[in-house]
Amino acid sequence: MQSFHIRYRNTQGTLMRILNAASRRGLDLPYVQAEQRESDHQVVLVLDVNAKQFGQLHREWYGIADVIHVGAGSVHSDAWTGHHPPSGVTIEQQRAAARA
Amino acid sequence: MLKGADIVLQCLRAEGVDLVFGYPGGAIMPLYDALDGSGVRHILTRHEQGAVFAAEGYARVTGKVGVAMATSGPGATNLVTGIADAKMDSVPLVCITGQVRSAMIGTDAFQETDVFGVTLSLTKWSRLVRSIDEIPDVIAEGFYWARSGRPGPVVIDIPTDMLKAKKEFSGPVKFKPHARPADAKADGGFTDTIIALLQQPSKPVALVGAGAKLSGAIPELRRLLDTLNIPTFATVHGLGAVVPEAPYYLGMVGMHGTRAANMALHETDLLLVFGARLDDRVTGDPSRFAPHAKIVHFEIDPAQLDRVRPCEIPVIGDLAETIPAFESELRRHKLPDFSGWRSVACGADRAQLDPRGLAQPTIRFLDELFSRLPKDSVILADVGQHQMWAAQRFNSGSPRGFITSGGLGAMGFALPAAVGVQLAKPDTCVLCVSGDGGFQMNIQELATVHRLGLPVKMVIIDNKYLGMVRQWQQLFYERNYAETDLSDNPDFVDIAKAYKIPSFRMKEDVMREFPVSQETGDQIDRFLRSPDPELLVFDCAPEANVFPMVPAGAALSEMLLEEEPTQ
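Residues numbered from 1 in each chain as written. Chains lettered and ligands numbered in written order. Predicted model: local features only at pLDDT ≥ 70, side-chain atom pairs only at ≥ 80, totals over all residues. Heavy atoms only, no water.

> Account for unusual backbone geometry, with residues named and values stated.
Residue and element names in this part refer to chain B. Between Phe514 and Pro515 the backbone carries a cis peptide bond, its omega angle lying at -5 degrees. As for its placement among the helices and strands, Pro515 is situated in the loop between β19 (503–506) and α24 (518–529). At the junction of Phe547 and Pro548, the peptide bond is cis and its omega measures out at 0 degrees in the coordinates. Along the chain, the position of Pro548 falls in the segment after β20 (534–539). Backbone geometry places Leu278, a non-glycine residue, at a positive phi of 55 degrees. In this structure, Leu278 sits in the loop between β12 (270–274) and α13 (280–283). Positive phi is not limited to glycine here, since Asp306 has a value of about 60 degrees. Asp306 gets classed as partly exposed once you look at its relative accessible area, which sits at 22%. (Helix = DSSP H or I, 4+ residues; strand = E, 2+ residues; numbered from the N terminus. Buried < 20%, exposed > 50% of the residue type's maximum accessible area, 1.4 Å probe, protein only.)

Here is the structure:
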């Protein structure tokens, strides 16, 4: 499992384009969290990808007009297997809970 | 105070648009109402798909942004195939669609479709306009994204009330993109790495794709290839980028590429790719694509890297910058002598089609047509067998001289695209080659050709089959010709006459003599030089096949040169 952290300007359709890059490859989206980050937005995705998809997604997301930055890191499995966090719970809180 | 529709048109003019293609309807009526006197000429096609393909043809031959307009609902959804086509083939395109009134959006109103959502995965950028105030910024940004980087399609959806509303208008605006500190760009170091690779004993080859042409760096590319002097081939969209007479040029590569090109690509140990995305029609089985090669990939769009297999040296950036940088650096170095490898790759035993293929009447017919074309003519090919025959026999060094729907493979593309090409190049001979299947997919555009009096030269290669599908059925489905029989085609000569377009039929037997008779030659010359539109229907053998052919899932080295004898 791989977590991706994508910063983007929250313009029309940008989040949908980010998600579509994963869904068009038939990837499940077990964890998605989008939220405002300072003046921009960030979406965290956890995906089961192989090395080729990792590279393809990274570059495809970066090619979206209003994407600012794409980062990636591995995740603790508990951080994504739980239910989608309720509104108001940040990914950091979710991760902290998973590590506790 | 100006209406939103007037603002749209003024913004289009500011982007250099003087020609748009479209089809009117309810939600976009205010924009049509404002056309008169706007300085924007509108070309009425007979279907929205015709409009978007015509806009594509215009864009492909000029390099400018093509513009298509349609109304909401079915008008917008009829654009979708052209939008997908523009995405695949990197065509700068802006589609402006009318939308139902803002207050009605989301109510499943009459002719309401979420075109923004429908086209989200097909567009490079899109907007649903939410306020008349947004119009100048949205149009400026849309054009920026359509033409920047790897060009592509943009959709701007405008509710009808925005087109009718009025506001003070201070003039069009310019879009300034946000800078991204991490934007990838090749630094100068790549040249040393590639030159070091070239210094090693190797079998280098060069593959040229559409990106080389889109960059505008054709003179620099040709100088570079002359300096390299290594076996070189092109994708279907790269045709025309390389001077065909160059001694190192091996023609088209891929599924229906030349044997020489495919064998060289299979054997190479250093592959230089210039602006090609290496799709499956070029690579064959990806796991056996250029199996011995290191790949150097010159590419403007990082998303195109490593799609099929990893490249060792990505050179990210506009080829207009990276090719000249490489070329000037390369000239300061002495390259090893590749003549031994070159003579193998370009040897006479490889650099020809099999004799049976050359003798095929349809190939002879295309050779006759192409050899008699005026200089700098533009050839459009639809999709299917005739497309591959035309690509194989294309023999011009005109970079924008061969236009086809390559990535999407959209049948029905060529005729409306030829309308756009002819409007962009009124003094150029435009030859549109279609099959009998594809021609009927946008046959209504004969009316557009007639109305405008465009001297498009249309050819139908009529084999009374969906020929490419039938070929696959013959070779891989035990001749089960399921639903590919078109033997009940209408008489295309009569159809053209109904549209008041002159037309005639040519039997393939006339191509069995070599050289062709004076009479046949004169007939072709008259056809190509007529100042009027004209249709030539060429009767093709129903079971003629395109060879060489790399079967799906095979390596490039496993191409079929001719069909297996029938048991």
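> Could you give an account of the packing of helix α1 (residues 14–23) of chain A against helix α2 (residues 51–62) of chain A, with specific residues and numbers?
All names here are of chain A. Viewed as axis vectors pointing N to C, α1 and α2 meet at an angle of 155 degrees, and their least axial separation amounts to 10 Å. Comparing their axes, α2 and α1 come out roughly antiparallel. The two elements α1 and α2 cross, and the hand of that crossing is right-handed. Across from Ile18, Ala21 and Ala22 in α1, the residues of α2 making contact are Leu57, Glu60 and Trp61. Class assignment for the residues of the contact of α1 with α2 results in five nonpolar, no polar and one charged. (Axes fitted to C-alpha atoms, helices over the stretch in contact; angles between N-to-C directions. Parallel < 35°, antiparallel > 145°, perpendicular 65-115°, else oblique. Left-handed = near helix turned anticlockwise from the far one by under 90°. Contact = heavy atoms within 4.5 Å. Nonpolar A, V, L, I, M, F, W, Y, C, P; charged D, E, K, R; others polar.)

> Summarise the packing of aromatic side chains; cite the residues concerned and give the values.
Aromatic ring pairs are reported here in terms of the distance separating the ring centres and the angle at which the planes meet. Summed over the entire model, instances satisfying the criterion amount to 16 aromatic pairs over all chains. Their ring planes at 70 degrees and their centres at 4.9 Å tell us that Phe4 of chain A and Trp61 of chain A sit as a pair that is edge-to-face. You can see Phe4 of chain A sitting in strand β1 (residues 2–8) and its partner Trp61 of chain A sitting in helix α2, a full 57 residues away along the chain. Here Phe4 of chain A falls in the buried class, since its relative accessible area comes to 0%. The class of Trp61 of chain A is buried, set by a relative accessible area of 0%. Their ring planes at 90 degrees and their centres at 6.2 Å tell us that Phe439 of chain B and Phe492 of chain B sit as a pair that is edge-to-face. (Phe/Tyr/Trp six-rings, centres within 6.5 Å; stacked < 30°, edge-to-face > 60°.)

> Give me the confidence of the model for chain B: which residues, what numbers.
On average, residues of chain B score 94 in pLDDT, and 96% of them reach the 70 mark or higher. Here the predicted complex carries an ipTM of 0.90, next to a pTM of 0.94. (pLDDT = per-residue confidence, 0-100.)

> Describe the pattern of salt bridges, with residues and values.
All names here are of chain B. Under the definition given, this model contains 37 salt bridges over all chains. Measuring nitrogen to oxygen at the nearest pair gives 3.2 Å for the salt bridge that ties Lys464 to Asp462. Using a relative accessible area of 3% as the deciding quantity, one classes Asp462 as buried. One network of salt bridges, in which partners are shared, links Asp462, Lys464, Asp491, Arg505, Lys507 and Asp539. (Salt bridge = Lys/Arg side-chain N within 4 Å of Asp/Glu carboxyl O.)

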